[in-house]
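Letter by letter, the chains look like this.
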Amino acid sequence: MPEYRIFGAELSPYSVKMRSYFRFKGLPHRWILRNSDPATYQKYAKIPIIPLVVTPEDEGIQDSTPIIETVEARYPEPAIHPDDPVAAFASVLLEEFGDEWGNKWMFHYRWARRADQLNSGGRIGRTMNPDASDEEHQQIIEQVLERMTNRVWFVGSNEVTAAQIERSFMEALPVLDAHLESRPYLFGAGPAFGDFGMWGQIYNAWTDPTCGAIIEAKYPNVLAWIHRMLFPRIEGDFETWDTLAAGLTPLLKEQLGDRFMPWTLANEAAIAAGDEEFSVQVAGETWTQKPQKYHAKSLAVLRQKYAAADKAAIEAALGVTGCLIGLEA
Ligand SMILES: N[C@@H](CCC(=O)N[C@@H](CS)C(=O)NCC(=O)O)C(=O)O
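Engineer: A description of the overall build of the protein should follow, citing residues and the corresponding values.
Structural biologist: Within the protein, the regular secondary structure consists of 13 helices and 6 strands. The globule rule puts the C-alpha radius of gyration for 329 residues at 20 Å, and the 19 Å found for the protein is close to it. Viewed in the frame of its principal axes, the protein has a C-alpha envelope of about 60 × 50 × 45 Å. Burial statistics for the protein: of 329 residues in total, 54% are counted as buried. For the protein, restricting intrachain contacts to residue pairs at least 6 apart in sequence, the fraction spanning at least 24 positions comes to 72%. As displayed, the protein has an accessible area near 14,200 Å², and 55% of this comes from carbon and sulfur atoms. Here the protein carries 31 positive and 45 negative side-chain charges, and the mean point of each set is 4 Å from the other.

Here it is in structure tokens:
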């Protein structure tokens with residue numbers, strides 16, 4: 001049977017995001033660990049990242065957001081975009097936010113503390129060589145830790161930002177938990193684009209000791225959503241913004257308006273200026289890091305999506321949160 005092939009890894013948030021999406025769409029697909037078939041991976045991958053999706057037509061596509069958009073153009077049902085234009089755009093924003101800022105939460109927590117480092121290093125090590133002896137496995141863990149703990153700067157985690165990243169996640173969790181108390185998914189009774197972006201990161205954070213314990217101890221509705229999103233399914237309709245606003249407005253304001261949007265605009269400006277480092281006020285504190293190239297690209301795509309949407313309705317409903325700052329082309 002013609003099927004999609006997803007080359008990924010369990011510890012890759014963008015890969016599991018892809019897998020949940022294909023499960024939801026009911027499209028035939030196969031999950032392949034990247035390391036288990038490096039030759040096929042090399043044949044189709046244009047850049048060395050996962051996920052890589054190989055279509056039934058034998059075409060390799062990369063980057064989770066464009067992959068979803070490519071598949072959506074062919075198979076719009078079951079829908080992942082709410083009908084209500086404001087809810088639909090909030091979902092687009094959360095997809096981008098999950099991918100780009102949620103990744104800071106996950107990546108930072110994964111490599112900040114010894115318990116999490118050893119857990120992730122051990123899991124990555126076993127993925128790379130499941131049959132290694134204990135001694136070989138220890139060596140692999142050391143190599144993985146050496147590489148990853150030296151890479152946290154890449155997502156902007158450093159001495160200045162570590163506490164800010166943790167505060168951001170700890171403030172987002174209770175807001176998400178309250179919102180998910182009365183609905184199975186972020187936009188109602190079916191998974192939306194925004195759920196997939198947010199979930200890939202939060203699910204991966206939950207598989208690590210520190211975030212997993214915090215979520216399990218304090219946020220039962222987030223935990224249930226984490227489980228649900230592994231095999232998402234329609235349980236009813238999407239909601240309109242009227243009923244979503246109370247739960248999602250605080251998230252859009254505190255996480256996007258106060259943090260992500262100022263950050264992504266400053267990052268974009270730093271790349272345009274060729275700066276080695278940039279500083280920006282994020283939720284009232286100074287944030288300093290090296291620029292991240294990919295984010296400038298995805299910000300440009302977000303602007304195109306905003307330009308094509310019902311801007312007046314979106315501005316009237318979401319403008320107050322600050323999450324639209326910088327989206328006017
Ligand atoms: N924007 C990309 C990000 C993909 C990405 O960063 N993948 C990571 C793993 S989660 C990766 O492959 N990093 C390089 C590596 O692991 O060798 C997407 O949405 O697919």
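Moving on from the model shown.
Engineer: Please provide a residue-by-residue account of the pattern of salt bridges, values included.
Structural biologist: A complete count under the given rule lists 18 salt bridges for this structure. One salt bridge in this structure joins Glu-95 and Lys-17, with 2.7 Å as the shortest N-O distance. Here Glu-95, found in helix H4 (residues 85–112), pairs with Lys-17, found in helix H1 (residues 13–25); they are 78 residues apart in sequence, far enough to count as distant. In this pair, the class of Glu-95 matches that of Lys-17, namely buried. Within this structure, Lys-17, Glu-95 and Asp-99 form a network of salt bridges that share partners.

Engineer: Please provide a residue-by-residue account of the layout of surface pockets, values included.
Structural biologist: Space inside the largest pocket adds up to approximately 1,600 Å³. Along its surface, the largest pocket is lined by 40 residues, and Tyr-14, Pro-48, Ile-49, Ile-50 and Arg-151 are the ones closest to its centre. Those elements giving two or more residues to the lining of the largest pocket turn out to be H1, H4, helix H5 (114–128), helix H6 (134–149) and helix H12 (293–307). No other element matches the 7 residues that H4 contributes to the lining of the largest pocket. Residue composition of the lining of the largest pocket, grouped by class: 21 nonpolar, 9 polar and 10 charged.

Engineer: Account for H6, with residues named and values stated.
Structural biologist: For H6, with 16 residues, the first-to-last C-alpha span of 22 Å sits near the 22 Å given by 1.5 Å per residue. Three or more residues of H6 are buried, namely His-137, Ile-140, Ile-141, Val-144, Leu-145 and Met-148. The buried residues of H6 occupy an angular sector of 140° when projected down its axis, which confines them to one face. In H6, the exposed positions angled more than 90 degrees off the buried face are occupied by Glu-135, Gln-143, Glu-146 and Arg-147. Its buried side turned inward, H6 meets H4 and H5.

Engineer: How would you explain the side chain of Glu-239 if you had to name every residue and give the values?
Structural biologist: Mapping Glu-239 onto the fold places it in the loop between helix H10 (220–228) and helix H11 (241–273). At 2.8 Å, the side chain of Glu-239 and the side chain of Arg-183 are in polar contact. Every residue in contact with Glu-239, bar those within four places of it in the chain, is listed here: Ala-87, Arg-183, Phe-187, Gly-188 and Leu-244.

Calculation criteria
Residues numbered from 1 in each chain as written. Predicted model: local features only at pLDDT ≥ 70, side-chain atom pairs only at ≥ 80, totals over all residues. Heavy atoms only, no water. Helix = DSSP H or I, 4+ residues; strand = E, 2+ residues; numbered from the N terminus. Rg over C-alpha atoms; globule rule 2.2 N^0.38 Å. Buried < 20%, exposed > 50% of the residue type's maximum accessible area, 1.4 Å probe, protein only. Contact = heavy atoms within 4.5 Å. Areas by Shrake-Rupley, 256 points an atom, 1.4 Å probe, with all protein chains shown as cover. Lys, Arg positive; Asp, Glu negative; His and termini not counted. Charge placed at Lys NZ, Arg CZ, Asp CG, Glu CD. Salt bridge = Lys/Arg side-chain N within 4 Å of Asp/Glu carboxyl O. 1 Å grid on protein atoms, 1.4 Å probe; cavity = no way out; pocket = protein on both sides within 12 Å on 5 of 7 lines; lining within 4 Å. Points joined across faces, edges and corners; volume = space filled by probe spheres on them. Nonpolar A, V, L, I, M, F, W, Y, C, P; charged D, E, K, R; others polar. Expected span 1.5 Å × (residues − 1). Arc of directions from axis to C-beta. Polar contact = N/O pair within 3.5 Å; in protein donor to acceptor, adjacent residues only side chain to side chain.

These results come straight from atomic positions and should not be treated as a statement about function.
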